[in-house]
Structure formats: C-alpha cells, structure tokens
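The residues making up each chain are set out below.
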Amino acid sequence: MNNILGIMTHRIKRPENFRRHAKSALAEKFGGVIIYTPKDVNLERGQIHGCVYQDGSWTRKTIPYPKINMDIGFYPPALVGRATRVKRSKQLRFTGYGLGNKCKIQKHLLGSSVLQPLLLPTEQINNAQQFIAFLKKHGSIMLKPINGWGGKGIIRVTTQDDHFLVQRDGSRKLSFSNDRLGTYIRSVLKKGRHLMQKWIDIRNKKGKVYDIRALMQKKDEGVWQMTGMAVREGMKDKITSNIKSGGDAYGVADYLEREFDSEKAKALTKSIVEVAEYIPEFLEKSYKSGLSELGIDLAVDTTGRLWLIEVNIKPGKMIIKRLYGNKAWEQCLHVPFQYARNLMGKN
C-alpha cells in the first residue's frame, strides 16, 4: 500500500466517478488510489477507511496513511473544520495546502506592494449598518460568500436616488428602501459569512461581464508554469462571467484588442501574464506552505485599468477545454498527478 495516492474530497457518491483520477495516478506509476472524505480519516490511528482502486476494481478498505495526498474537495461549512484538522496533521502529506477564506487571502495579497494597486476595497460584513455605510461610500458593491466558489451566491447592490437595487445572477433587479435593505442583508448574513467588494464596470462593448482566468500549475519538477489563460464572458444580464452558468471562453489578446486598441491590448496582456506568474511564489512565501495549482482571476474595467479579483486554490479547468480543446484539457488535468509523483519520489 506504500505506492497508493490519497485523494481527499467532500463527497463520494460513486467511486466510479473518480475513474479519471485513478487513470492519471496509474499513468504516473502509482499502484492505485484511495478516495476518501475528511470523516474517513482516523487521526488517532493514522489510518484511512476509503474507496481503494487497484487491479481494475474499487474496494472499501482501511489502509495506513498514503505517502502523498491530493485535496480536491469543496467542503461545506460542517466539514471545513474537520478538513482543516486533517490537512494540519504532520503525518499526512499533501501536494498543496489551503489559503483560507477570501478575506484571509486578501490580507496576504495586500502584503505585496506589486499587488496592492490591483486590489479592490474589500471588507468582511459584520452587520447591516456597516454594509450600508460601505455601499453609500462606493455606490455599487458585490456581496460574496466568504468561502464561496463558482460564482454561487454573489449579489450586486447599487444605490439609486432614495432606494437600492439588488440583483442576483440572471435575476430581475429588486428595489429596496433603507429599512428593507437592512432586513434583507441580515437575512443573507444568517446563511453564512460574506464579504463586500467595490463593484467595477467590467462589461464589454455589448454590455456583457467578462474577466480573465489564468491557470497556474506546478509542473513535475516543482516549477510554476501558466497552463493557459482565457477571457470568460458571461451571458447577457448576468453579473458574473462563470463558464458553468452559461458563459463562454475566448483568447485574451484578440478579445482585448476588440475592446481597446492594439497597443493597449498588448500592454494589458503582458501585465496579466506578469501578475499571474508573480502570485504563486509570492503566496507560497507569504503563507510559508506549498501550493500545487491556482486559478487567478483578473479583470479590466471600461477605462482599461487592470484589477485582481481573486485567487482560487482549486480552479475549474473548463476554459482550457473550451479554448484549447480536449487534449490540452486532459493534459492540464493530469499535471497535478505528475507533481504528486515527483513529491513522493522526494519523500
């Protein structure tokens, strides 16, 4: 069992759903994989009870800790604490470690003089009064779950004369008075912690929201490389650009040239690459821990100014498939397994 790759996730409905992961592990000469959730880890005994793939079939069994593990989970609030304890165990080694919630990441990013000018005013919401004061200061803001992913649960709130407009992705705008907005925000906060961020106009000439996702991955020797980058364009009337909610992907340089002039597009593309290549090593030094891949989301407002929106530790890779095709997509899915094999070799 020494040559098994551990893969931690949030839920295992059917182990067969992880066939691709098993295939990649076997291609990298692992003897098999064990798929498990944080609840399957016995921290006292140093064992995992999970779904093991070996010799072409899946079996539920208990094994000692694998020498190397990957974390691919998106944990609900009830599982976050348990997942964190597992990742902190000195006996379990992972290819990459967490960055914490969006507010914690923002604090680390603010520690860089290079990144400070690219960051939007952002605060965690503690109460409705603080939210309304922040909204009145900035005029229009985005409300985001602090541990959210995939663009879920994002709300835009805008001041308009003596009332406020509230919009969820793809939904019609709702109008609230000051008192009703306070009640609404309190109801949102009951569902979990949120942050608020100044809204910037990142719509293209046709009025569609777009941003740029750069995928950074650690290759087998531990060197960071950009696997690909693409513009993500949202559907009309959406407030986010997420591919899963119907958006599309385009090449960065050509897209920016359509929005700005050729010289500006070239300068922006160069800056996007520089920022994306700078962030992984900066964050590893800032957190004093290793990472294996990052999705870096940048945006350009209507004035042509570049902004860093957020950094994702478990980035979706659909943009690679949309823009570069199936072969490139399969290659970037395989990269973390190459890195895991390399790390295990250094054990």
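Calculation criteria
Residues numbered from 1 in each chain as written. Predicted model: local features only at pLDDT ≥ 70, side-chain atom pairs only at ≥ 80, totals over all residues. Heavy atoms only, no water. Domains from an automatic or database assignment. Contact = heavy atoms within 4.5 Å. Buried area = accessible area lost by both parts, 1.4 Å probe. Salt bridge = Lys/Arg side-chain N within 4 Å of Asp/Glu carboxyl O. Helix = DSSP H or I, 4+ residues; strand = E, 2+ residues; numbered from the N terminus. Polar contact = N/O pair within 3.5 Å; in protein donor to acceptor, adjacent residues only side chain to side chain. Buried < 20%, exposed > 50% of the residue type's maximum accessible area, 1.4 Å probe, protein only. Axes fitted to C-alpha atoms, helices over the stretch in contact; angles between N-to-C directions. Parallel < 35°, antiparallel > 145°, perpendicular 65-115°, else oblique. Left-handed = near helix turned anticlockwise from the far one by under 90°. Pairing = 2+ DSSP bridges. Nonpolar A, V, L, I, M, F, W, Y, C, P; charged D, E, K, R; others polar.

**Student:** Give me the lowdown on the domain arrangement of the protein chain, citing residues and values where you can.
**Tutor:** Here the protein chain is partitioned into domain 1 (4–88), domain 2 (102–118 + 202–345) and domain 3 (122–198). Computed over C-alpha atoms, the centres of domain 2 and domain 3 are 25 Å apart. Of the residues lining the interface, 10 residues belong to domain 2; the matching set on domain 3 comes to 18 residues. Across the domain 2/domain 3 interface, buried area totals approximately 1,200 Å², and carbon plus sulfur atoms make up 55% of it. Looking at the side of domain 2 facing domain 3, the largest losses of area belong to Lys102, Cys103 and Ile239, adding up to 52% of the total buried there. If you look at where domain 2 meets domain 3, you find one salt bridge.

**Student:** Quick one: what's the story with the side chain of Arg156, residue by residue and with numbers?
**Tutor:** Tracing the backbone through its elements, the reader meets Arg156 in strand S9 (residues 155–160). At 2.9 Å, the side chain of Arg156 forms a polar contact with the side chain of Ser140. Among the polar contacts listed, one links the side chain of Arg156 to the side chain of Thr158, at a separation of 3.3 Å.

**Student:** Please provide a residue-by-residue account of the environment of Pro15, values included.
**Tutor:** One can find Pro15 in the loop between strand S1 (4–8) and helix H1 (19–27). Linking Pro15 and Gly56, residues 41 residues apart in sequence, is a C-alpha distance of 12 Å. Those residues within four positions of Pro15 in sequence are excluded, and the remaining contacts are Cys51 and Trp58.

**Student:** Run through the pattern of salt bridges, naming residues and quoting values.
**Tutor:** Using the criterion set out here, one finds 15 salt bridges in the structure. The residue Glu310 makes a salt bridge to Lys102 at a minimum N-O spacing of 3.2 Å. A residue pair is termed long-range when its members are at least 10 positions apart, and Glu310 in strand S17 (residues 306–312) and Lys102 in helix H3 (residues 102–109) qualify at 208 residues. You can call Glu310 buried: its relative accessible area is 18%. One salt bridge connects Glu233 with Lys208, and the closest N-O pair in it is separated by 3.8 Å. Of the two residues, Glu233 is situated in strand S14 (residues 224–233) and Lys208 in the loop between strand S12 (194–198) and strand S13 (210–218); the sequence distance between them amounts to 25 residues. The exposure class of Glu233 is buried, given its relative accessible area of 10%. Each of the salt bridges in this network shares a partner with another, and the network as a whole consists of Asp211, Arg213, Arg232 and Asp297.

**Student:** Go over the packing of H1 against helix H9 (residues 326–345) with me, naming the residues and quoting the values.
**Tutor:** H9 packs onto H1 with a crossing angle of 55° between their chain directions and a minimal axis gap of 9 Å. It follows from the interaxial angle that H1 and H9 lie oblique. In this structure, H1 meets H9 at a crossing whose hand is right-handed. Only Leu333, His334 and Phe337 of H9 make contact with H1, whose side of the interface consists of Arg20, His21, Ser24, Ala25 and Ala27.

**Student:** Hey, could you go over the sheet that holds S17 for me, with residue numbers and the actual values?
**Tutor:** On the basis of which strands lie adjacent, the open sheet formed by five strands has the order S15-S14-S13-S16-S17 and antiparallel pairing. Each edge of the open sheet is held by one strand with a lone partner, namely strand S15 (248–250) and S17. With direction set aside, neighbouring strand axes in the sheet form an average angle of 30°. For S13 and strand S16 (residues 293–300), the ladder comprises six bridges, and the chain directions are antiparallel. Among the inter-strand pairings, Ala214 is bridged to a residue of S16, identified as Ile296.

**Student:** Pulling in residues and values, what's your account of the sheet that holds S9?
**Tutor:** Taken together, six strands build an open sheet; the order of strands is S7-S12-S8-S9-S10-S11 and the sheet is antiparallel. Strands with a single pairing partner mark the edges of an open sheet, and in this sheet they are strand S7 (122–124) and strand S11 (174–176). Across the sheet, the mean angle separating the axes of adjacent strands is 25° when strand polarity is ignored. Here three bridges tie S7 to S12, and the two strands are oriented antiparallel to one another. Counterpart to Thr122 in the pairing with S12 is Gln197.

**Student:** How would you explain the packing of helix H4 (residues 128–138) against helix H5 (residues 178–190) if you had to name every residue and give the values?
**Tutor:** The interhelical angle for the contact between H4 and H5, taken along N-to-C directions, is 120°, at an axis separation of 9 Å. With respect to H5, the element H4 is oriented oblique. Considering only the axes of H4 and H5, their crossing is right-handed. The segment H4 lies against H5, with Ala128, Gln129, Phe131, Ile132, Leu135 and Lys136 engaging Asn178, Leu181, Gly182, Ile185 and Arg186. Split into classes, the residues belonging to the contact of H4 with H5 amount to six nonpolar, three polar and two charged.

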